[in-house]
Amino acid sequence: MMTAANVAKIDKTMDALVLTGVNEFEVRSVEVPEPGRLEVLCRVEAVAICGTDPEIIQGHFPGRWPRAYPFIPGHEWSGVIVKLGEAVEGFGLRVGDRVAGTSHAGCGICRMCTTGRYNLCENYGREEIGHRQYGHYVNGAYAQYIRCSIKTIFKIPDALPFAEAALVDPASIALHSVKRGQIQPGDTVAIVGAGPLGLLAMQCAFALGAARVIVVGHGERLQKVEAFGGEAVDNTQEDGVKAVRRLTDGRGADLTIDCAARGQTPRESVEMTRKGGRVVLTGVPLESVVLPLQRLVLEEMDVYGVRANRGTCEEVIPLMASQRIQASSLITHTFPLREFRVAYDTFTKRIDGALKVIVEPNPQ
Ligand SMILES: [Zn+2]
Ligand SMILES: [Zn+2]
């Protein structure tokens with residue numbers, strides 16, 4: 001356990017995954033950052049590769065994520081506080097605390113922030129008044145240390161291993177998605193996409209009272225669906241919309257969550273939902289899709305967008321610690337940071353059934 005006594009042992013330099021241009025990266029030595037007034041420095045123990053990371057690395061968001069090179073990505077992480085900023089007192093944070101991180105720090109001032117919707121902060125990108133999005137436009141967690149706002153870290157119990165705690169961020173997004181969709185006890189929930197987010201959303205739906213969860217996807221990942229008590233639909237064998245209707249006596253799901261956002265899945269999500277039902281779009285579509293508007297209107301359907309999470313990290317941590325949400329079952333691979341390229345290939349090419357790939361900047 002880290003104590004105040006060994007804070008001084010923090011090195012001056014650290015290994016970090018540094019992006020130097022589109023699709024160009026290397027693990028190199030950089031300076032360890034100093035925490036600002038309301039920031040902490042954490043030793044990073046585990047980072048989970050997110051689907052957004054390859055998009056950032058491949059330059060899909062030019063000038064936005066990142067704004068410039070060199071840049072350190074990574075936003076799904078856990079670690080230990082090693083140094084407190086000068087004003088970090090009275091927040092219940094101590095050197096040695098185990099924490100999980102998330103990406104968004106709102107400004108805390110705008111209308112969205114003051115109504116709790118800090119993920120929609122109106123001052124996005126204004127670092128001078130405290131906005132941050134780690135691993136997107138502010139340096140992130142693929143490094144031995146991360147400097148971050150105390151708004152973006154959450155204490156985790158000893159029962160939650162670091163690797164699982166690195167999934168607090170995506171699990172909090174899954175929980176936010178299910179809550180956005182106004183889940184009701186006994187609901188039949190359809191989830192499009194059997195990737196990590198879809199599998200986490202399934203577990204969150206069960207934790208919040210779903211009676212049935214039908215997951216539409218393909219590949220080995222579908223085996224996990226049944227292991228968690230869900231019903232798997234292989235969309236390479238059967239049309240997802242038809243399958244969900246068949247499994248619900250033609251009615252459709254009460255709530256559908258699109259975690260895939262590929263091609264026509266937003267439209268299909270509407271079409272597999274019942275009259276008066278709810279559709280949540282969690283995956284970020286890269287193209288515009290025509291939704292059946294007449295149906296949305298005449299069947300009084302509700303459609304919700306989801307951007308990251310807000311306030312659900314603290315809700316999801318106890319669910320993970322009590323194994324209501326089993327993050328461990330989604331972790332298929334672990335690599336040291338120095339082998340990031342292998343970890344990246346494993347994740348992006350889905351080698352050996354890769355789901356969540358963990359990177360350890362400080363392997364024991
Ligand atoms: Zn993520
Ligand atoms: Zn704000």
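Residues numbered from 1 in each chain as written. Chains lettered and ligands numbered in written order. Predicted model: local features only at pLDDT ≥ 70, side-chain atom pairs only at ≥ 80, totals over all residues. Heavy atoms only, no water.

To continue, consider the coordination of the zinc ion (ligand 1). Distances from the zinc ion (ligand 1) to its protein donors, Cys-50 (SG), His-75 (NE2) and Glu-76 (OE), fall within 2.2 to 2.3 Å. Taken in chain order, the donor set of the zinc ion (ligand 1) reads C-x24-H-E. Note on His-75: relative accessible area 4%, which makes it buried. Using a relative accessible area of 2% as the deciding quantity, one classes Glu-76 as buried. (Donors = N, O, S within 2.8 Å, 3.2 Å for Na, K, Ca; no water. Buried < 20%, exposed > 50% of the residue type's maximum accessible area, 1.4 Å probe, protein only.)

What follows is about the sheet that holds strand S14 (residues 273-281). Paired through their backbone hydrogen bonds, the strands of a sheet run either parallel or antiparallel. Here six strands make up an open sheet; going across it, the order is S12-S11-S10-S13-S14-S15 and the pairing parallel. Two strands in the sheet have a free side with no partner beyond their single neighbour: strand S12 (231-234) and strand S15 (302-305). Across the sheet, the mean angle separating the axes of adjacent strands is 20 degrees when strand polarity is ignored. Both strand S11 (residues 212-217) and S12 contribute to a ladder of four bridges, which runs parallel. When the sheet's bridge partners are listed, Gly-217 is paired in S12 with Asp-234. Each of strand S10 (188-192) and S11 is contacted by helix H5 (residues 196-207), which is oriented at about 170 degrees to S11, the strand it contacts most. (Pairing = 2+ DSSP bridges. Helix = DSSP H or I, 4+ residues; strand = E, 2+ residues; numbered from the N terminus. Axes fitted to C-alpha atoms, helices over the stretch in contact; angles between N-to-C directions. Contact = heavy atoms within 4.5 Å.)

Right, let's talk about the domain arrangement of the protein for a bit. Looking at the assigned domains, one finds that the protein contains domain 1 (4-155 + 326-360) and domain 2 (173-305). Computed over C-alpha atoms, the centres of domain 1 and domain 2 are 30 Å apart. Taken together, the contact pairs eleven residues of domain 1 with 13 residues of domain 2. Between domain 1 and domain 2 the total buried area reaches about 1000 Å² when both faces are included, carbon and sulfur atoms providing 56% of it. Broken down residue by residue, the surface that domain 1 buries against domain 2 is led by Leu-330, Arg-350 and Leu-355, which jointly contribute 46%. Viewed at the interface, domain 2 and domain 1 are joined by one salt bridge. Among the salt bridges present, the one from Arg-262 reaches Glu-55, with a minimum N-O distance of 3.6 Å. The interface formed by domain 1 and domain 2 holds three residue pairs in polar contact (both at pLDDT 80 or more) in total. Across the side of domain 1 that touches domain 2, the residue classes tally to three nonpolar, four polar and four charged. (Domains from an automatic or database assignment. Buried area = accessible area lost by both parts, 1.4 Å probe. Salt bridge = Lys/Arg side-chain N within 4 Å of Asp/Glu carboxyl O. Polar contact = N/O pair within 3.5 Å; in protein donor to acceptor, adjacent residues only side chain to side chain. Nonpolar A, V, L, I, M, F, W, Y, C, P; charged D, E, K, R; others polar.)

Moving on, we get to the coordination of the zinc ion (ligand 2). Cys-107 (SG), Cys-110 (SG), Cys-113 (SG) and Cys-121 (SG) make up the full set of protein donors to the zinc ion (ligand 2), lying at 2.3 to 2.4 Å. Coordination at the zinc ion (ligand 2) comes from four donor atoms whose angles at the metal span 101 to 117 degrees, giving a geometry best classed as tetrahedral. Here the donor residues for the zinc ion (ligand 2) map to a single chain with the spacing C-x2-C-x2-C-x7-C. With a gap of eleven residues between them, Cys-110 in the loop between strand S6 (104-105) and helix H2 (111-114) and Cys-121 in the loop between H2 and strand S7 (132-133) connect regions that are remote in the sequence. Across this residue pair, the class does not change: Cys-110 and Cys-121 are buried. (Tetrahedral: all angles 85-135°; square planar, octahedral: opposite > 155°, others 65-115°.)

Residue Pro-66 is bonded to the preceding Trp-65 through a cis peptide linkage, with omega at -5 degrees. Following the sequence through the fold, Pro-66 ends up in the loop between helix H1 (52-57) and strand S4 (77-84). A cis amide bond links Tyr-69 to the next residue, Pro-70, at an omega of -5 degrees. Within the fold, Pro-70 resides in the loop between H1 and S4. Within the chain, Asn-23 stands out as a residue other than glycine whose phi angle is a positive 60 degrees.

Attention now moves to the packing of aromatic side chains. Per the stated rule, a full pass over the model turns up six aromatic pairs. With a centroid separation of 5.6 Å and an interplanar angle of 90 degrees, the aromatic rings of Phe-25 and Phe-340 are classed as edge-to-face. Of the two residues, Phe-25 is situated in strand S2 (residues 24-31) and Phe-340 in helix H11 (residues 340-348); the sequence distance between them amounts to 315 residues. We note that Phe-25, like Phe-340, is buried. Relative to Phe-340, the ring of Tyr-142 has its centre 5.1 Å away and its plane inclined at 70 degrees; by these criteria the two rings are edge-to-face. With Tyr-142 in the loop between S7 and strand S8 (145-149) and Phe-340 in helix H11, the pair connects residues that are 198 residues apart, well separated along the chain. (Phe/Tyr/Trp six-rings, centres within 6.5 Å; stacked < 30°, edge-to-face > 60°.)

Of all eight residues that make up S4, six are buried, and the element is covered over most of its length. Examined bridge by bridge, strand S3 (residues 39-48) and S4 share seven bridges and lie antiparallel to one another. Each bridged residue has a counterpart across the sheet, and for Cys-42 the counterpart in S4 is Ile-81. Of the pairings in the sheet, the one linking S4 to strand S5 (residues 98-101) comprises three bridges and is antiparallel in character. Each residue of the ladder has a partner; that of Val-80, found in S5, is Arg-98.

With that out of the way, let us pick up the packing of helix H4 (residues 168-180) against helix H10 (residues 313-321). Between H4 and H10, whose axes approach to 9 Å, the crossing angle comes to 110 degrees. When the axes of H4 and H10 are compared, the pair comes out roughly perpendicular. Where H4 abuts H10, its residues Val-168, Ala-171, Ser-172, Leu-175 and Lys-179 lie against Cys-313, Glu-315, Val-316, Ile-317 and Met-320. The residue inventory of the contact of H4 with H10, partitioned by class, reads seven nonpolar, one polar and two charged. (Parallel < 35°, antiparallel > 145°, perpendicular 65-115°, else oblique.)

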